Every structure is written in C-alpha cells, then in structure tokens.
Amino acid sequence: MADTLPYGSWPSPITPESVAQSSPRIDGALFVGDEVWWAESVPAEAGRVAVKRRRTDGAVETVLPAPANARSAVHEYGGGAWTASDDGELFYVEKTDQRVYALRPGGEARALTPADDTVRHGGLRFEHGTLLAVRETHGSARVPARAIVRISLDGAVDVLAEGSDFVAQPALSPDGRSLAWVAWNHPDMPWDATTLRVTEIGTGEVREIADTPRQAPLQPVWLGDDELLYADDPDGRWNLFRRPLDGEPQPVSPVDADTGGGLWVLGTRWFGATDDGRIVAVRTDGADEIVEIAPSGVRPVDVPVVAGAAIDDVRGHRVLVSGSDAGGRSGLWAVDLDAGTVDLVTGGSGAWGDEWMPTARALETEGPHGPVHAFAYAPTNPDVAAPENERPPYVVLVHGGPTSHVGPAPSAKTAFFTSRGIGVLDVNYGGSTGYGRDYRDRLKGQWGVVDVDDVAAAASALAEAGLADPERLAIAGGSAGGWTVLAAVTNTDVFSAGISRYGVGDARALAEDTHDFEARYLDGLIGPLPEAEAVYVERSPLSHPERFRVPLLILQGSEDRVVPPSQAEAIRDALAAHEVPHAYVLYEGEGHGFRRAETVIDSLRRELGFLGAVFGFETPGIPPLELS
C-alpha cells in the first residue's frame, strides 16, 4: 500500500545528482564510413562537448578527448562546431580560441585556421571533399562581418559568400561548382524573413532562389547539381519545396505542420534526402513526428521521438535521428529505411523506471489573444499518494527564446519535481514555434503582454479544472522565459512565487547590452528604438519595483554575455529595497544556460528548497532555502 504524504514532500530516487548525469544532450551526429559519430555534453567535465564514435564492433570510443571542447561562439549560441570526412578525420571548433582544428582518432590536433581573437567559426560542413564554415569577425563595426568560407586542409581560407548581416546552412552541390546558403539582415530574425541564395563558385555570380517578403526559407539541400530542396512558409507553415535552378518551386507533400523552426544554432537540420530521392523529415504540430516522403506516399518512421527532433544525417538509405521520446529520454537512433530497422546508438534510457516518469497531457485553453497550448505533467510517484482532498502545487515552466518550443517529453528536471508531488505545466505561449506563423507572430510587438497573459491563462485553467492548487502556483523560466516570470509576478496575481534564471528585467538595458544576433530582436518583440522607448520602460519589470510582491529566486551565471549579471543584480536590489523575500545566487564561470554538473545540482537543490520554504512543505534530504 502506498504511503499517504502531502504534495511536495514525497521521497524520490530522482536526486539532483542523477538529474545532472541523466541522458546526454546530443549535439549533431554523422555516418563516418560504417561508424556513427556524435557529439554530446559531459556535465561532469564542466559541460564540455566531446565527440564520440560507435565502431562497427559496437564499441564506443571518445574521438575528441578532454580538455578539447567542441563549442562554437558564432551568434553566441554557436552550433555546427564539428564535422568529419568520410575517411574519419574530425574537424572541430575549439571553444577556447574558436579556431578550426583537424584530428585523426588517437592522433594530435592541428590548427587549420590562424590564431585571431576577433574571429569565430561555426556551422561546419564537410561536403564532397570540401570543408565549409561560417566565419564571424568582430572589429570596430557594430555588426560583425560574417561569411561562408572554404578551409583547405593546408590552412588556406577562401571566402565563398558574404554581403549580408547573417549567413547560415551552407550546402555544396555534388559537382562542387555551386554553393547554396541562407542569409538575412537586421532587424529580421531567421524565423521572420530570410533569403535563399546560390552562387557559382567560379564566377561569384549570386542568384536569389527564394526571396519573398515575410517568408523564411531554411536549410538548402542539393538533390542534384541543378536542383534544391528546402523549407519555406508561404502559407504560414514550414513545408518542403523542390526548385530546379532554372524553374519554379514545387511543394513537396504540404501539411498543416512545420518542417522547420527557430534557427538559433547553426547545426540544426530538419530533413534530408536519400540517394534515390526519398525525403526524411521532422513534422511538428505540438509534438514531433518523423516521416518518409516518397513518390508512393508518406509514411511515419518508427522512431520514438516526440520532441526536439533532428535529422542529423542521411547516407544512402540510412538516417540518424536525435531527440527525446515520450518518457523524456534523449537519444540518437540509426534508421535503415529499406530494412525497416531502428537501432538505438546512445541514450534512450533513464536511471529510473517508467513508473517514475510523468506522462504529458496536451492542453489547449482559450486566452485573451487566442488559443494557448501547453503540456501538463501531474505528480507521479508509485510509492506515495496524496491526501484525498489536497490539490498539488504546480510549477509553470516558461521556455526561453521566446521564439522556441517545448514538446511532450518530460525532462529529468520535470521528473525531479513530479516525483516529489509537484506538478509541472510546460507552456507554449503565443510566439512559440510548432504551431505555424500566425501563432508565432502573435508576440510581435507584444512581448511582456501576450506571453504573460498566455501563461496566466494556462495556469488558471489548470486550477479551475481542479488539477492544481490556485494558492500554490509558481512560475519558472530562463532568459526570455525569465522575463516572462518577472513580468507575470509583477502584472498578475496568479502566481505565488517565481524562479528566474538569467532573466531579463530591463528591456532597454538588454537592447543596449546584448550581442549582435539579438541586437534587433526586440524591434519585432516590442518596437524599434528610440521610437518605442516608452513601451520598453513600461513593459520592463524593473520599471515597477513596487509591484514585486511574491518571493523570488534569482539564478545567474557570471560569464553570461546574452543577459549580463547586471540585470540579475538590479532585480536583487529592487527586491531588497521593497523587502520582498528572495535569494540570489551567482554561479562563477557559467554563461547563458547552466552546463556544469555542480551548477545543475546546486540550482535544483535551491529551487526545491525555495518551493518548500514558500509553499510550506518539507523537502526530504534538502533543507528549506533561507530567503533574505
């Protein structure tokens, strides 16, 4: 018989330490000959990104050993920090100096690009014997110079494409004569408006392949020397198109779902093509689905991925797919389309049984601005039951971006809370991807309004349905999600506590201090400066310190260049000045997002201790957090 204990005080085997060591974050994968190579973060090694391989005999080896760290800083968020040749040579961007290196397994790394602390590299691709990269050069100009470059194995670097504020996703034609890529300019973000371009490398002539206002083509893939496959959203959903260079675009099996998303990192890929012309793609409508598109029709591919899906590589009839399953387990799967086999390469298993993992419940509620989508995870513990008439506390999670998305896959952190009797509500507020352009554009000019109204509506609907205690609703988020946390606790009375991780408190300061990739992001989210300065001031939580009323936990990295510590310190000072219970923690050496195991462990302990202190329940093994 299960024990009966109050919500929030349930004992759980899911510890902060086990969460920190849970399923690795996959950072790209490739077929290299008959082997599978992939990159993954190693929390126990300060979050460094290692490259590993599974040999043909099944043995797993590390290709990129410590202390090397494959991390790009292009756009600050990086991506595409490694690739490999077909014969097994690794090319990677070293985090510490942003140079590109070459490494044979077991050998010594050699630098391919010169030492220059103003230059960063990312978006690496090795195609048809050629190493391509996105190069970002920081100088005296406000906007760094960005170009697609070809890096030869003797260290020579040639510029193949430039002429716009941003470039991404280079693709070389099979004959090596043409280069396709995605470009965009300030003030647009890559989900607002991009251009698909092609240049003939010998002549330098540039053609606009897809350049329609308010469309955002993504990820060119060559189907031959003269035909491209890419994603575009002329009808409000990212769907696939084929385009002969001398012809018109033709839609490929369009549906009411997205094959595409926010291009936050350079290595993201949503589809690929087999040698015989079949296409394997991610389709997202709330949840992710993997499909094969062939002349005979469309069929689902039996990969257990529902969130964070990526088509990392396609070679012949083999496909590498990464993402998370409905149990929250992240992994990498190798699929043989002809044989119909699905092989788990790495990950895909948790340290706890399925009985400890909550199941996502898709919710849709009507908010002031239209429908709001969310996933609810009820308290889940096979050994404990709650008192009959008690309703559970809930943490409402707000994803970052804000142009991002969460799918129906509970993270280890979600299970950490639900196994202790604390429900979790993951909200895809207006502005999120995965529901089409209209839903995404709902946030235009309304950041700090629509996101706040939507999370409040979702939380209130959960409470009104009797599924959550309306007096014990907390809200938590990082970065842009932290902004929504701060705005929600100062502009609504729905939440009784807030947890902000490197959150934005002053939009005007963010516009002045943030990095170039997001330098004009707020033009679309709030309005251009200086014309909209009054709106920035009015929307910013720090403009209304008297509205801080509920306890807050503020977590911040000391090396954060996206939202600098000065923002968190200003929030801390405002809370102290108005005698609002709070705690502030600065993690030395952490940037925008916590990667080190010790940081993940400490922050989880503090978050649980904070909720216990605020909502009045015991937290076994973790003391209540002392608030100032």
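Residues numbered from 1 in each chain as written. Predicted model: local features only at pLDDT ≥ 70, side-chain atom pairs only at ≥ 80, totals over all residues. Heavy atoms only, no water.

A.B. asks: Please set out empty space enclosed by the protein residue by residue, giving values where relevant.
C.D. replies: Under the criterion given, the structure shown has one cavity of 30 Å³ or more. In this structure, the largest cavity occupies an estimated 100 Å³ of space. In this structure, the largest cavity is lined by 15 residues; those nearest its centre are G401, W447, V504, L510 and E518. The biggest single contributor to the lining of the largest cavity is helix α7 (residues 521-525), with three residues. Its residues assigned to classes, the lining of the largest cavity comprises 11 nonpolar, three polar and one charged. (1 Å grid on protein atoms, 1.4 Å probe; cavity = no way out; pocket = protein on both sides within 12 Å on 5 of 7 lines; lining within 4 Å. Points joined across faces, edges and corners; volume = space filled by probe spheres on them. Helix = DSSP H or I, 4+ residues; strand = E, 2+ residues; numbered from the N terminus. Nonpolar A, V, L, I, M, F, W, Y, C, P; charged D, E, K, R; others polar.)

A.B. asks: How would you sum up unusual backbone geometry? Please name residues and give values.
C.D. replies: Across the junction of A66 and P67, the peptide omega takes the value 5°, indicating a cis bond. Topologically, P67 is positioned in the loop between β5 (60-62) and β6 (82-84). For E76, which is not a glycine, the phi torsion comes out positive at approximately 70°. Within the secondary structure, E76 sits in the loop between β5 and β6.

A.B. asks: Please set out the packing of aromatic side chains residue by residue, giving values where relevant.
C.D. replies: For the structure on display, the rule yields 17 aromatic pairs. Consider the rings of F166 and F517, whose centres lie 5.9 Å apart with planes at 90°: the pair is edge-to-face. Remark: F517 occurs in the loop between α6 (507-513) and α7 and F166 occurs in strand β14 (residues 166-172); sequence separation between them is 351 residues. The same class applies to F166 as to F517, namely buried. On the basis of an interplanar angle of 20° and a centroid distance of 6.2 Å, the ring pair of Y230 and F241 is categorised as stacked. Residue Y230 is located in strand β19 (residues 227-232), and its partner F241 is located in strand β20 (residues 239-244); the two are separated by 11 residues in the primary sequence. Taken as a pair, Y230 and F241 share a single burial class, namely buried. Grouping aromatic residues by their ring pairs yields a cluster made of Y77, F166, W184, W191, W264, F517 and Y521. (Phe/Tyr/Trp six-rings, centres within 6.5 Å; stacked < 30°, edge-to-face > 60°. Buried < 20%, exposed > 50% of the residue type's maximum accessible area, 1.4 Å probe, protein only.)

A.B. asks: Describe the sheet that holds strand β27 (residues 318-324), and please don't skip the residues or the numbers.
C.D. replies: Neighbouring strands of a sheet are bound in pairs by backbone hydrogen bonds; such pairs are parallel or else antiparallel. With antiparallel pairing, the four strands of this open sheet are ordered in space as β26-β27-β28-β29. Two strands close off the open sheet at either side, each with one partner strand: β26 (307-315) and β29 (341-347). With strand direction ignored, the average angle separating the axes of adjacent strands in the sheet is 20°. Here β27 pairs with strand β28 (residues 330-336) via seven bridges, running antiparallel. Within β28, the position partnered with G323 by the bridge is G331. (Pairing = 2+ DSSP bridges. Axes fitted to C-alpha atoms, helices over the stretch in contact; angles between N-to-C directions.)

A.B. asks: Quick rundown of the sheet that holds strand β11 (residues 130-137)? Include the residues and the values.
C.D. replies: Across the sheet, which stays open at both edges, the four strands sit in the order β10-β11-β12-β13 with antiparallel pairing between neighbours. At either end of the open sheet lies a strand with only one pairing partner, and these are β10 (119-127) and β13 (157-161). If you compare each strand with its neighbour and ignore which way they point, the axes differ by 35° on average. Where β10 lies against β11, seven bridges are found, and the strand directions are antiparallel. Paired with V119 across the two strands is T137, which belongs to β11.

A.B. asks: Just give me the short version of the packing of helix α4 (residues 450-464) against helix α5 (residues 480-491), but keep the residues and values in it.
C.D. replies: Following both chains from N to C, one finds α4 and α5 inclined at 75°, their axes separated by 9 Å at the closest point. In this view, α4 runs roughly perpendicular relative to α5, as classed from their interaxial angle. The segment α4 lies against α5, with D451, V452 and V455 engaging W483, T484, A487 and A488. The residue makeup of the contact of α4 with α5, split by class, is five nonpolar, one polar and one charged. (Parallel < 35°, antiparallel > 145°, perpendicular 65-115°, else oblique. Contact = heavy atoms within 4.5 Å.)

A.B. asks: Residues and numbers for α4, please.
C.D. replies: Relative to the 21 Å expected for 15 residues at 1.5 Å per residue, α4 spans 21 Å between its end C-alpha atoms, a close match to the ideal helical length. Among the 15 residues that make up α4, 11 are buried, leaving the element largely enclosed by the rest of the structure. Buried within α4 we find V450, D451, V452, D454, V455, A456, A457, A458, A459, L462 and A463. For α4, the secondary structure elements touched by its buried residues are β30 (361-367), β31 (370-377), β33 (394-398), β34 (423-428), β35 (473-478) and α5. Positive phi appears at G466, one or two residues downstream of α4, with a value of about 80°. (Expected span 1.5 Å × (residues − 1).)

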